[in-house]
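Spelled out from the first residue to the last, the chains are:
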2 protein chains.
Amino acid sequence: VKVRIGGRTRDIRAVSMDARGRVVMIDQRALPHRLTFVRAETPGEVARAIKDMAIRGAPSIGAAAAYGVALAKMKRRPLAPAAKSLKAARPTAHDLFFAVDWMLARIEGGDDPRAAADAYADAIIERCRAIGRHGAPLIDDADKVLTHCNAGALATVDYGTALAPLRVAHDEGLDFFVWVDETRPRLQGARLTAWELLGEGIPHAVIADSAAGHFFQRGEVDLVLTGADRVARNGDVANKIGTYSKAVLAKESGVPFYVAAPLSTFDFATKTGAGIEIEERDGDEVARLGSERLTPRGSPVSNPAFDVTPAGLVRGFITEYGIIRPSQVAALERRARFGPFSG
Amino acid sequence: VKVRIGGRTRDIRAVSMDARGRVVMIDQRALPHRLTFVRAETPGEVARAIKDMAIRGAPSIGAAAAYGVALAKMKRRPLAPAAKSLKAARPTAHDLFFAVDWMLARIEGGDDPRAAADAYADAIIERCRAIGRHGAPLIDDADKVLTHCNAGALATVDYGTALAPLRVAHDEGLDFFVWVDETRPRLQGARLTAWELLGEGIPHAVIADSAAGHFFQRGEVDLVLTGADRVARNGDVANKIGTYSKAVLAKESGVPFYVAAPLSTFDFATKTGAGIEIEERDGDEVARLGSERLTPRGSPVSNPAFDVTPAGLVRGFITEYGIIRPSQVAALERRARFGPFSG
């Protein structure tokens, strides 16, 4: 993630381990106004940072959990309870479970825990870069691209999934524009995606989630790019609440809808989206904003954090192995070896 | 509008004229937390209250404008500039233009200005009650109804358009549930509709606008009811931004989508929705919330306040004359005599 500190631009990962063996995470709740960090010294503190969304975005959650497992081993704590508490931090993102299991296998195999977690984070970034290369040709000059939530560098240790093709296309000199859904209730679009695009100099505008339909209708959306929290074997996609609505609007307007995700997000063991648990988060995320109460006291709130976009609404998945159709997801399992990537 | 003041329930209109000849409007920007009033002594002050959205909702805007014209006449000011400034306050709601022209004709015909404006407000309420009676049979026991923005008593002097059938069905003892879209950026659903439903004791939950799709998909929406800011001759509907998205989701799930509106909202002179001006409001409505800035400084915002739902997505219009299909809107013009109503 490119950030400006004291007039200089530095490149910082959303999650990493410092020299003192602490897991350092950009506190995404404080952006875009303040760049602060959460430093976790135990697997429990990592789990807490995931649960409270100091760190978020499926691939970043996975990397944080990988470091959490490493911490347990480095501190000679029993691995099983640490793994269990990390996996229980949030229920929807597949990367969380994938990363914990991957780390347990590496440690079981005798790998150095810190080196293994670093390798996990490195692999995610390499895979995101490949997603960028494969996805960039989908963007044409003068296109208007809609994205939802944040599937950028913050969400993926660095570089991004949905935002990766935009970075590559921008570097290639293409002139395009991005509609940024603000993404209620937690405003990851307005706060994080806008901040990343501003940093990259990519032209964009933030809109209320409800406004996207208006722009679809007027022919002002040429392409939809989102990330994913989990992809089922049949190509159904769990992603931030509101993603499904955008897929339906894209269908209504004949606009292609693509999902960008690395291997770690694909859950081959879950047959369809019906098998994906949808996290229900605290109603106060909707009822309050900062210190302000929005709803009347006494009005109930429902706050599902994700929805499932059926495979039939997805034109393709942009993966590190190339763009595949939903019907090709199951076949991806044969390539399901996570680790260093050069493709 | 039923409000509790000092432990007693009072019934207050969203807009009325007090004994001293001031136009008194509930300041809808302060709800649900504080019940305060804006008191306008000139047509210009009424126009300002409309522009700043102290009063909003197409029928309430119309009634406020009617009182604004009455003020001009009562204070012996020239009518033409007052009418012009009122009509310029906001561009989309048809009731605004309709009410001003109706008042000019009444005053031209020698009617007392204050009595004419009161008659306008009375007529709106009577028509809303008829909308309630006609619409209530659409609601079945155990239904889940989705509504967007606020088309309740606050929006219509009293009683409501989209909320009127819900009031009637509730009075009839039906047990149903309402999903309340929070309605970014100004949160009229979270702030106003929730407050009205809470006051009526109608079970409901506030949701992020983006969450509605999830409930459609799970079969938890049986009916969509919204109001309208303007209906074109062909049945295209301008309403609060996000309405179109809900209509598309309703189509995808096979859920009926109804629009409730009185005669004053129908614009027979505009052939299709393409002829309706869509207001673009200040980007700060999206970028800020209260004292808090949400987006990074430097990120542009686009903030269209309305969208147009094509007639083909509307199952029917609930009017004071009964439920009609979009193809029957043009024929409604023959009944286009506004005034006291008993139907």
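Residues numbered from 1 in each chain as written. Chains lettered and ligands numbered in written order. Predicted model: local features only at pLDDT ≥ 70, side-chain atom pairs only at ≥ 80, totals over all residues. Heavy atoms only, no water.

Details of the relation of the copies chain B and chain A
The condition is simple: The copies were overlaid by least squares, fitting only the C-alpha atoms of residues that reach a pLDDT of 70 or more in each copy. Should any heavy atoms of two residues lie within 4.5 Å, those residues are counted as being in contact.
The transformation that overlays chain B on chain A combines an axial shift of 0.0 Å with a rotation of 180 degrees, and the residual RMSD is 0.0 Å. In short, the pair behaves as if placed about a two-fold rotation axis. Here 100% of the interface residues in chain B have copies in chain A that are interface residues too; the copies meet face to matching face.

A closer look at the confidence of the model for chain A
Threshold: As a per-residue measure, pLDDT reflects the predictor's confidence and takes values from 0 up to 100.
On average, residues of chain A carry a pLDDT of 96, and 100% of them reach 70 or more. For this predicted complex, the interface confidence score (ipTM) comes to 0.97, while the overall pTM stands at 0.97.

Examining the interface of chain B and chain A
In plain terms, the rule: Using a 1.4 Å probe, buried area is obtained as the accessible area two parts lose upon being combined, added over both of them. Salt bridge, as used here, is a side-chain nitrogen of Lys or Arg placed within 4 Å of a carboxyl oxygen of Asp or Glu. Definition of a polar contact: a pair of N or O atoms within 3.5 Å, with one able to donate and the other able to accept a hydrogen when the atoms are protein atoms, and with sequence-neighbouring residues admitted only if both atoms are side-chain atoms. The numbering of helices and of strands both runs from the N terminus, where a helix is a DSSP run of H or I of at least 4 residues and a strand a run of E of at least 2. Any residue that is not Ala, Val, Leu, Ile, Met, Phe, Trp, Tyr, Cys, Pro, Asp, Glu, Lys or Arg is counted as polar, Gly included; the first ten are nonpolar and the last four charged.
In this assembly, 56 residues from chain B lie in contact with 56 residues from chain A. Both sides together, the interface formed by chain B and chain A hides about 4300 Å², and carbon and sulfur atoms give 59% of it. Run the count over chain B and chain A and you get 6 salt bridges. Across the pair Arg191(B) and Glu292(A) runs a salt bridge whose closest N-O atoms are separated by 3.7 Å. Taken together, the links from chain B to chain A amount to 16 residue pairs in polar contact (both at pLDDT 80 or more). When contributions to the side of chain B that touches chain A are tallied by element, the ones reaching two or more residues are α7 (188-200), β8 (204-207), α8 (212-217), α9 (243-253), β15 (292-293) and β16 (306-309) of chain B. When residues in the side of chain B that touches chain A are grouped by element, the largest group, 7 residues, is from α9(B). Counted by class, the side of chain B that touches chain A contains 30 nonpolar, 15 polar and 11 charged residues.

Structural notes on the sheet that holds strand β11 (residues 237-240) of chain A
All names here are of chain A. The following threshold applies: Should DSSP find at least two bridges between two strands, the strands are taken to pair.
Spatially, the 4 strands line up as an open sheet ordered β13-β10-β11-β16, and their pairing is mixed. If you trace the sheet from one side to the other, it starts and ends with β13 (266-267) and β16 (306-309), each paired once. Note: strand β10 (residues 230-232) against β13, 2 bridges, orientation parallel. Among the inter-strand pairings, Val 231 is bridged to a residue of β13, identified as Phe 266.

So, the packing of aromatic side chains
Residues and elements named next belong to chain B. Inclusion rule: Here a pair means two rings of Phe, Tyr or Trp (six-membered ring of Trp) with centres within 6.5 Å. Their orientation is stacked below 30 degrees between planes, edge-to-face above 60, and tilted elsewhere. Working rule: Lys NZ or Arg CZ, within 6 Å of ring centre, within 35 degrees of ring normal, means a charge sits over the ring.
Considering all chains together, one arrives at 18 aromatic pairs over all chains under this definition. Seen from their ring centres, Phe 98 and Phe 338 are 5.2 Å apart, and the 80 degrees between their planes marks the pair as edge-to-face. Here Phe 98, found in helix α4 (residues 94-108), pairs with Phe 338, found in the segment after α11 (329-332); they are 240 residues apart in sequence, far enough to count as distant. Between Trp 179 and Phe 215 the ring centres are 3.9 Å apart and the planes differ by 20 degrees, which places this aromatic pair in the stacked class. Of this pair, Trp 179 sits in strand β7 (residues 177-181) while Phe 215 sits in helix α8, placing them 36 residues apart in sequence. Directly above the aromatic system of Trp 102 lies the positively charged group of Arg 106, at a separation of 4.5 Å from the ring centroid. Between the NZ or CZ atom of Arg 167 and the centre of the ring of Tyr 159, over which it lies, the distance is 5.9 Å.

Brief notes about the sheet that holds strand β13 (residues 266-267) of chain B
Residue and element names in this part refer to chain B. Note the cut-off: Axes here mean lines fitted to C-alpha atoms, for a helix over just the part in contact, with angles spanning 0 to 180 degrees between N-to-C directions.
Taken in spatial order, the 4 strands make up an open sheet running β13-β10-β11-β16, and their pairing is mixed. Each edge of the open sheet is held by one strand with a lone partner, namely β13 and β16. Seen against the sheet, α9 touches β11 (237-240) and β16 and runs at an angle of roughly 35 degrees to β16.

A few points about helix α6 (residues 163-171) of chain A
Quick reminder: α-helices carry 3.6 residues per turn. Residues three or four places apart thus point the same way. Residue and element names in this part refer to chain A. Keep this limit in mind: Relative accessible area decides the class of each residue, using a 1.4 Å probe on protein chains only: under 20% of the type maximum gives buried, over 50% gives exposed, and in between gives partly exposed.
Judged by how many residues are buried, α6 sits mostly within the fold: 7 of 9 residues are covered. Residues of α6 that are buried include every one of Leu 163, Ala 164, Pro 165, Leu 166, Arg 167, Val 168 and Ala 169, and no others. Along its buried surface, α6 packs onto α5 (113-135), β6 (144-147), β7 (177-181), α7 (188-200), β9 (223-226) and β17 (316-319). At the exit of α6 stands Gly 173, carrying a positive phi of roughly 90 degrees.

Brief notes about the side chain of His204(A)
Relative to the assigned elements, His204(A) resides in strand β8 (residues 204-207). Here His204(A) falls in the buried class, since its relative accessible area comes to 4%. Within the local environment of His204(A), its side chain forms a polar contact with the backbone oxygen of Ile202(A), the two atoms lying 2.9 Å apart. Among the polar contacts listed, one links the side chain of His204(A) to the side chain of Ser299(B), at a separation of 2.7 Å. Beyond its immediate stretch of four places on either side in the chain, His204(A) contacts Phe177(A), Val178(A), Val180(A), Ala194(A), Leu197(A), Leu198(A), Ser299(B) and Pro300(B).

Description of the pairing of β8(A)
Residue and element names in this part refer to chain A. Applicable threshold: A crossover counts as right-handed when, viewed with the strands pointing away from the observer, the path leading from the first strand over the helix to the second turns clockwise.
Residues of β8 alternate between two faces, with His 204 and Val 206 on one and Ala 205 and Ile 207 on the opposite face, all of them buried. When β7 meets β8, the two strands line up parallel, connected through 4 bridges. Its bridge partner lying in β8, Val 178 is registered against His 204. Once you follow β7 into α7 and on to β8, the crossover reads as right-handed.

Thoughts on the side chain of Asn303(A)
All names here are of chain A. Here Asn 303 is to be found in the loop between β15 (292-293) and β16. Residue classification places Asn 303 among the buried positions, given a relative accessible area of 2%. There is a polar contact of 3.0 Å between the side chain of Asn 303 and the backbone oxygen of Asp 282.

Describing the nonpolar core
The test is simple: What we call a nonpolar core is a set of buried Ala, Val, Leu, Ile, Met, Phe, Trp, Tyr and Cys residues that are connected through their side-chain atoms within 4.5 Å.
Within the largest apolar cluster, 144 residues are counted, with the highest numbers of intra-cluster contacts made by Ile50(A) and Ile50(B). Setting aside chain neighbours within four positions, we find Ile50(B) in contact with Ile55(B), Ile61(B), Ala64(B), Ala65(B), Leu86(B), Ala89(B), Arg90(B) and Leu96(B).

Topic: unusual backbone geometry
Here the bond from Arg184(A) into Pro185(A) is cis, since omega is 5 degrees, no more than 30 degrees from zero. With respect to the helices and strands, the residue Pro185(A) is situated in the loop between β7 and α7. In this structure, Pro32(B) follows Leu31(B) across a cis peptide bond, with omega equal to 5 degrees. The topology assignment puts Pro32(B) in the loop between β4 (23-26) and β5 (37-40). We note that Thr183(A) has phi near 70 degrees; this positive angle belongs to a residue other than glycine. Along the chain, the position of Thr183(A) falls in the loop between β7 and α7. Here Met53(B), not a glycine, exhibits a phi torsion of approximately 65 degrees, which is positive. With respect to the secondary-structure elements, Met53(B) resides in the loop between α1 (43-51) and α2 (58-74).

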